[in-house]
Amino acid sequence: MTDPTPDQTTDQTTDQATDQATGRSEPPAGAVAPPTRPEPLTNQGLFDRARAVIPGGVNSPVRAFDAVGGTPYFVARAAGAHVWDVEGRGYVDLVQSYGAVIAGHAHPHVVDAIRRAAGEGTSYGAPTYREVLLAEAICARVPSVEKVRLVSSGTEATMTAIRLARGATGRSRIVKFAGNYHGHSDALLAASGSAVAHLDHSEGATVPGSAGVPPGAVADTVVLPYNQVPVLDDTIACVIVEPVAANMGLVAPAPGFLQGLRDECTRVGALLIFDEVITGFRLDIGGAQQVFGVIPDLTCLGKVIGGGLNVGAFGGRADVMDHLAPLGPVYQAGTLSGNPLATAAGLAALSLLDQGAYEQLEGTAAHLAVGLQDAFDSAGVAAHVSRVGPLVGLYLAPTGTPGPVPAPVDYDGARAADEAGYGRFFHAMLDAGVALAPGAYEVLFPGLAHTPDIVAHVVSVAYEAARTLAGEDRA
Ligand code: PMP
């Protein structure tokens, strides 16, 4: 079989692609003839074209580089720890699809599973064997999950878990924590981290995190500070929390915080929801709940369980999950839910994740975090590099902050970050061939493909970038 990957350095018109698919040698009558010598693609050229037809030129805001300035690189292909842009420039990639890819890009085992599944059909609208296997794999590994429903994104998972909690308890009010990001559903956007943090500069009160969200949609959302156990009452349906906050930089749960939430929810009959879309299958096989020994009622998953394809999931206590249609009155559905390609990719990815893999991930992240902290310290840049298991977060403190810089513990602390400084550091790294996320509130996702040599290279690049940053700061 020939490699189906198109030559990414040339412009592929729709007509050309159709011709390849049908084997036609002549374009159909009336078709626009493809250019005889296609223009090479450039990042700037594609961004210009994209902005003409896609709002902001991107399909998810952080990708537009608004937070760091400049032109995004358009990815042509990726392998392992690397991505290459359409101009042929390669980068060590620490984005890894924001954590959806854990074993490295285009891992042969995952690619092979997707290819084989695609040959059997791409979507049926009927149940399949692999959905059962993926659900069994999740239930067997995540301590709180007795039953699970597969959806297509993390947003769908959290949105539906909230509906289920409301339906199961008969209560309306929900608690979320400032700086936690749970996807882009109306009720959960208030005081959100991730790219929303660059937009939302409201203080304190529960206000919608986006235009177009009516006040009524967040009227029952109570936003509280992360790492403080609230006193709840019996109007609360659920508390949703990132057990390790990974959308305001990286903020670890304070000792007792997660257990305090568990106890308080139990006391008032509210459900505790862990949003493990990032931490699930990344912190450990059983996620953050296994690492911290706190068992939620419901768990939201995404990213890793789809092996880079579109999968989310929510699961938990069987008695709660059984409120879902068709067994119960809480409705949820999806044309592409449990998609055969996505379940194949997810199962292939999970099969690579044994205990040794988690030890490797943790070692890689430790090497990276220590190296980055040294790079900042030796350049005199005020920064704190946080690490929780395999997750690494950068917090650049405002210039002049005396060291050592403590780790932020909540959203107010995290948002003191020097966003402009992060932008300069980001570009110094990118110019030297290392791609971080283009936003100060995202974390780094070292994966199984980041070898010790690659990490050492990243650290040496960071020394130089930190010196550049320090030089600019002094200027
Ligand atoms: N929850 C968390 C903790 C996330 O980090 C994200 C996305 N980064 C989501 C939910 C939403 O997932 P998705 O982008 O797949 O909708």
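Everything discussed here concerns the structure shown above.
For the structure given in this document, a descriptive report is provided here. Keep in mind that what you see is a predicted model, and the values were worked out from it rather than measured. (Residues numbered from 1 in each chain as written. Predicted model: local features only at pLDDT ≥ 70, side-chain atom pairs only at ≥ 80, totals over all residues.)

Here we come to the site of the ligand. Close to the ligand lie 16 residues; Ser-153, Gly-154, Thr-155, Gly-183 and Val-277 are nearest. Take the shell around the ligand: its biggest share by element is 3 residues, from helix 5 (residues 154-169). Residues that form the shell around the ligand fall into these classes: 4 nonpolar, 10 polar and 2 charged. (Near = placed C-beta within 6 Å. Helix = DSSP H or I, 4+ residues; strand = E, 2+ residues; numbered from the N terminus. Nonpolar A, V, L, I, M, F, W, Y, C, P; charged D, E, K, R; others polar.)

Quick look at the nonpolar core now. Judged by nonpolar contacts, the single largest core of 138 residues is most densely connected at Ala-165, Cys-238, Val-239, Leu-271, Ile-273 and Ala-313. Among the elements that take part in this core, helix 10 (residues 340-351) stands out by supplying 8 residues, more than any other. A domain-level breakdown of this core finds at least three residues from each of domain 1 (6-106 + 355-474) and domain 2 (108-351). Leaving out residues up to four positions away in the same chain, Val-239 has contacts with Val-175, Leu-261, Cys-265, Ala-270, Leu-272 and Ile-273. (Core = buried A, V, L, I, M, F, W, Y, C linked by C-beta atoms within 7 Å. Buried ≥ 20, exposed ≤ 12 C-beta atoms within 10 Å, placed from the backbone. Domains from an automatic or database assignment. Contact = placed C-beta atoms within 7 Å.)

Attention now moves to the pairing of strand 4 (residues 147-151). Of all 5 residues making up strand 4, 4 are buried, and the element is well covered by its neighbours. Here strand 4 pairs with strand 10 (residues 312-316) via 5 bridges, running antiparallel. Across the sheet, residue Lys-147 finds its bridge partner in strand 10, namely Gly-316. (Pairing = 2+ DSSP bridges.)

Here the focus is the sheet that holds strand 13 (residues 434-435). Spatially, the 4 strands line up as an open sheet ordered 1-2-3-13, and their pairing is mixed. Taken across any chain shown, the strands that pair with only one partner, and hence form the sheet edges, are strand 1 (75-79) and strand 13. When strand 1 meets strand 2 (residues 82-85), the two strands line up antiparallel, connected through 4 bridges. Note on strand 2: the bridge partner recorded for Arg-77 is Trp-84.

Nothing here speaks to function; it is geometry throughout.
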